[in-house]
Amino acid sequence: MIWEVFRQEDAGEYHTHCGNVHAPDREMAKLFAQIQHGRRKPTNSLWVVPKDEIGEVDAEEAAFGGTTDKSYRWVMGYKDLDAAFAEEVAESESEQEDADRASAGGDD
Amino acid sequence: MDVETVKERAGPREFSPKDDLPEEYRKAATRMIQFHANSEIMGAYLERPFIRQAPSLDRKLAFSAKVQDEIGHGQLLYRAAESLGIKSREEMLDELANGEGKFLNCFHYPMESWAEVPMIAFFVDGAAMRRQATLKRTSWEPYAHAMDKVCFEEGFHVKHGEDVMRELATGSKKEQQMLQDAFEQWWPRIIQFFGPTDDQSTHHDFSADVGLKTMTNDELRNAFLNAYVPKAQKYGLEIPDEPRIRDNGDGTYEVVEDDLDWEEFFTIAKNDAPGSHEQIGKRSRTQEAVEWVRSGLESWEHGEDTTAPQAAD
Amino acid sequence: MAAESDRLGGPAELADDERAAVEALLYRLADDELVLAERYTEWQVRAPTLESDLALANIAQDELGHARLWYDLLRDFGYDEADLIFERDPADFRHASLAELPFEDGDWADAVVRSYLYDVAEQLRLEALADASYPRIADRVGKIQSEEAYHREHAQNWLERLADDEASLKRLQAAVDRLFPHALALWEPSDHEETIEDLGLRTESLAAMREQWFDTVIPFLRSLGLEPPEGVRENPEAVRPATIGRDGDHTDDWDALHEEMTRTYRELGREEAHKIMPDPDEADA
């Protein structure tokens, strides 16, 4: 049975997919994953998940975020207002702009 | 996706299991990655005796860790190959044990003395790492991901190999001579690691066109010689007269192909050299010997309690 | 920790019998770990699956790392690695015979049973050393203990799974029959046992630890349908094999293993063993 493995490098960070292990059950998968995926790279925690239990929906079947104009959800929809008066609002704005640029740039 | 589209789109990490790729691409990628995975496993057979024979406790630890890493790399690579949907890991491991699986030329030769250790651990691993670094830009994304981790780990292997070589090169006269002898024996095989020059290689064109390979045999060999010839000389090794290698002075080299034994190389490529039979035989015997464990695990996984009393049939 | 007044000083401050007792204890610890690890490394590239190969290799490296820590304490007594391993007479090694026994190709049951019997003993032994009166020993116990939990879990998980399969259970039983008597060697006293106990180098006697070991391994093996040798608890001496290793009496297989282990060193005419890592004391500093 194949188990997908997700590694968290430091406490508080996300678990990121890092590979798999073949193991007959969850306990053995955890034992094996510790060595194969936690031995060399910095590791705080590992998840093991049966490969068949992972459900996926991708951009071919779903229109993530919708296709019609949803600019009302975004800071960029409020261009005439200056966010500089409050640091946290400005930060949120720049994060949203980065995300927007990334999705416009496609897979890069 | 048809082959023409694949060629147009080909680029670093361009394709993933979500793409509907033509069989020709998936088969070519499987062949390449399976070869790579097999080589990780078979290289470990040459090195494993030196875990025991290492002349210090620290070297023993390093050797054990290195052999462990190679098996780990095999694990990652079989996964990258499996994700192409052509063969399962089990099928590929079966092919390796029954002699159908192909692997690097250097791992078809026996390795008997400690002085030979740096030939694999420094030169062959160094050559492999050169190639692997270019494969971080391969078009099959799972393969590129595996290369990220392999290259992360492999740096220690090459340095470990160099450390063993340095110790021999700065050791007694006898050690230096043993090292030189080993070098002369292994050097042509190491040059052949990169395969024949480009005009003789058969699989290259397609693999390059679809972005699986990102450098040609010649380019890789040049890059290797540029970095590793000076290293060999630094440790006092004399480069054998044959094969003749002409330094073009511009970072490229020409290897006189006729100085190399290509008949041996192609016999090895068919798994038909004496060393091939020896190494594959080992793999086959050791895997057969633990077949019972795999089938025991299988029944555990499927919840078959075979120890429970059964009705007579 | 042992009371301040009971603590022993460094090597230079020990009386001859004290010194001999500390050395005897350390040789047993170091040799057990080294030789057991040698047998584990035979599984590298030969284990049943890629994942199990990686796991056992890791356990082998852990044990080698423990051997390194114990041998390092013997260096305080003026020996170097060459004296301790590479130039030492194989008859001077003091590991238990459990560690040195060879196994048949593919006998994964051997690896699993050997590891289980050893690792439960190792746990008891480390607990009894945590308060050792020789501070250099006590100080190193914690680091070793934290790697041992994985070893036990690994061995137990394998035993539970293989025992569930009829054919595998038979192989496990054969391994228990063969290895259990040799595991008793782990509890065989040395000539210095009395001094070891008197000085508080260990806070439990070997006899008491053997009882605790029986308390753990016998019920666990039985719960899996595995039977320890008949009457072992009541009369361990009757089950104990002739060759126990602890007294320097070893099997021929040990000589072969030692010969192979030291082959390169001899072939190259080496006089010292190369170090990669810093001295454990410096690494801790």
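A short tour of the structure in this document, coming up. A quick note: this is a predicted structure, and the numbers were derived from the prediction, not measured.

1. Brief notes about the overall build of chain C
Then, number 1: Helices and strands together make up the secondary structure of chain C, namely 13 helices and 0 strands.
Then, number 2: For chain C, the C-alpha radius of gyration of 19 Å lies close to 19 Å, the compact-globule estimate for 285 residues.
Then, number 3: Each of the three principal axes of chain C carries a C-alpha extent, and together these read 55 × 45 × 35 Å.
Then, number 4: Looking at the 285 residues of chain C, the share that counts as buried comes to 62%.
Then, number 5: When contacts within chain C are restricted to residue pairs at least 6 apart in sequence, long-range pairs at least 24 apart make up 80% of them.

2. Quick look at the environment of R89 of chain B
Then, number 1: Along the polypeptide, R89 of chain B turns up in helix α5 (residues 89-97).
Then, number 2: Once residues within four sequence positions are removed from consideration, R89 of chain B is found in contact with H22 of chain A, Q75, Y78 and E82 of chain B together with L50 and E51 of chain C.

3. Digging into the side chain of H22 of chain A
Then, number 1: Looking at the secondary structure, you find H22 of chain A in strand β2 (residues 16-22).
Then, number 2: Excluding residues within four positions of it along the chain, H22 of chain A makes contact with M1, I2 and F32 of chain A, Q75, E82 and R89 of chain B together with E51 of chain C.

4. Remarks on the packing of aromatic side chains
Residue and element names in this part refer to chain B.
Then, number 1: Taken as a whole and judged by the stated rule, the model has 31 aromatic pairs over all chains.
Then, number 2: Look at F122 and F123: their rings are 5.0 Å apart centre to centre, the planes differ by 75 degrees, and that puts the pair in the edge-to-face class.
Then, number 3: Its relative accessible area of 0% is what places F123 among the buried residues.
Then, number 4: For the ring pair F224 and Y228, a centre distance of 4.8 Å and an interplane angle of 15 degrees mean the geometry is stacked. Of this pair, F224 and Y228 are both found in helix α10 (residues 217-234), 4 residues apart, which corresponds to roughly one turn of the helix.
Then, number 5: The structure contains a cluster of three or more aromatic residues connected by ring pairs, namely F122, F123, F183, W187, F193, F194, F224 and Y228.
Then, number 6: R189 extends its terminal NZ or CZ atom over the ring of Y109, reaching a point 3.7 Å from the ring centre.
Then, number 7: Sitting above the plane of the W186 ring, R189 keeps its charged end 4.6 Å from the centroid.

5. With respect to the interface of chain B and chain C
Then, number 1: In this assembly, 51 residues from chain B lie in contact with 56 residues from chain C.
Then, number 2: When chain B packs against chain C, the two sides together hide about 4,900 Å² of surface, and 58% of this comes from carbon and sulfur.
Then, number 3: Among the residues of chain B in contact with chain C, R52, L57 and W292 of chain B are the three that bury the most area, contributing 18% of the side total.
Then, number 4: The interface formed by chain B and chain C holds 8 salt bridges in total.
Then, number 5: Where chain B meets chain C, there are 27 residue pairs in polar contact (both at pLDDT 80 or more).
Then, number 6: Among the secondary structure elements, those contributing two or more residues to the side of chain B that touches chain C are α2 (23-47), α3 (49-53), α4 (57-82), α7 (141-169), α8 (173-192), α12 (274-289) and α13 (291-301) of chain B.
Then, number 7: In terms of residue count, α4 of chain B provides more of the side of chain B that touches chain C than any other element does, 15 residues in total.
Then, number 8: Of the residues in the side of chain B that touches chain C, the class split is 22 nonpolar, 15 polar and 14 charged.

6. Observations regarding the side chain of S64 of chain B
Then, number 1: On the secondary structure map, S64 of chain B appears in helix α4.
Then, number 2: With a relative accessible area of 0%, S64 of chain B lands in the buried category.
Then, number 3: A polar side-chain atom of S64 of chain B sits 3.0 Å from a polar atom in the side chain of Q61 of chain C.
Then, number 4: Setting aside anything within four residues of it in sequence, one finds S64 of chain B in contact with I51 of chain B together with Q44, A57 and Q61 of chain C.

Analysis parameters
Residues numbered from 1 in each chain as written. Chains lettered and ligands numbered in written order. Predicted model: local features only at pLDDT ≥ 70, side-chain atom pairs only at ≥ 80, totals over all residues. Heavy atoms only, no water. Helix = DSSP H or I, 4+ residues; strand = E, 2+ residues; numbered from the N terminus. Rg over C-alpha atoms; globule rule 2.2 N^0.38 Å. Buried < 20%, exposed > 50% of the residue type's maximum accessible area, 1.4 Å probe, protein only. Contact = heavy atoms within 4.5 Å. Phe/Tyr/Trp six-rings, centres within 6.5 Å; stacked < 30°, edge-to-face > 60°. Lys NZ or Arg CZ within 6 Å of the ring centre and 35° of its normal. Buried area = accessible area lost by both parts, 1.4 Å probe. Salt bridge = Lys/Arg side-chain N within 4 Å of Asp/Glu carboxyl O. Polar contact = N/O pair within 3.5 Å; in protein donor to acceptor, adjacent residues only side chain to side chain. Nonpolar A, V, L, I, M, F, W, Y, C, P; charged D, E, K, R; others polar.

Spatial relationships are all this shows, so hold off on functional conclusions.
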